[in-house]
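Survey of secondary and tertiary structure
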Amino acid sequence: MKKSILNAINSINSTDEMNEVIELIKIKQKQLRAIKTQGVKSKLSIGTKVKFENNDGITTHGEVTKIKRTKAVVRVDGLLWNCPLGMLEVA
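Bear in mind the structure is a predicted one, so any value in this text is a computation, not a measurement.

The next subject is the sheet that holds strand β2 (residues 59-67). Read across the sheet, five strands follow the order β4-β3-β2-β1-β5 without closing on themselves; strand pairing throughout is antiparallel. Either end of the sheet is taken by a strand with one partner, and the two such strands are β4 (79-84) and β5 (89-90). Across six bridges, the pairing between strand β3 (residues 71-76) and β4 is antiparallel. Pairing of Ala-72 across the sheet is with Cys-83, part of β4.

This is the structure in structure tokens:
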């Protein structure tokens with residue numbers, strides 16, 4: 001972690017300042033996720049082979065059958081998974 005970030009955190013003197021920092025971090029996190037999602041979405045089309053980690057942490061391969069606003073439907077061994085775009089990678 002950068003020293004300047006640590007110094008900024010150490011300079012927080014009240015709960016109100018801490019809450020403001022937390023809100024700003026949440027906003028930045030949302031922006032970064034949106035950028036990642038948009039990057040993935042631009043690479044996807046129906047029939048694209050993708051991979052993702054399933055609920056058990058196992059890398060799973062499948063094929064995109066439908067692309068929604070924030071998720072994609074992926075066919076894996078005959079089953080359909082509704083996956084957030086941020087967790088997909090083009091295989």
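One finds Val-40, Leu-44, Val-50, Phe-52, Val-64, Ala-72, Val-74, Val-76, Cys-83, Leu-85 and Leu-88 forming the largest nonpolar core, which totals eleven residues. Elements represented by at least two residues in this core include exactly β1 (49-53) and β3. In terms of residue count, β3 provides more of this core than any other element does, three residues in total. In this structure, Phe-52 is in contact with Ile-58, Thr-59, Thr-60, Val-74, Val-76, Trp-81, Cys-83, Met-87 and Leu-88, ignoring residues within four places of it in sequence.

Attention shifts here to the pairing of β1. Only one face of β1 is buried: it carries Val-50 and Phe-52, and the other face, with Lys-49, Lys-51 and Glu-53, is open. Across five bridges, the pairing between β1 and β2 is antiparallel. Across the sheet, residue Lys-51 finds its bridge partner in β2, namely His-61. Following β1, the chain reverses through five residues before pairing antiparallel with β2; Gly-57 in that reversal takes a positive phi of roughly 80 degrees.

Each value, and the rule that gives it
Residues numbered from 1 in each chain as written. Predicted model: local features only at pLDDT ≥ 70, side-chain atom pairs only at ≥ 80, totals over all residues. Heavy atoms only, no water. Pairing = 2+ DSSP bridges. Helix = DSSP H or I, 4+ residues; strand = E, 2+ residues; numbered from the N terminus. Core = buried A, V, L, I, M, F, W, Y, C linked by side-chain atoms within 4.5 Å. Buried < 20%, exposed > 50% of the residue type's maximum accessible area, 1.4 Å probe, protein only. Contact = heavy atoms within 4.5 Å.

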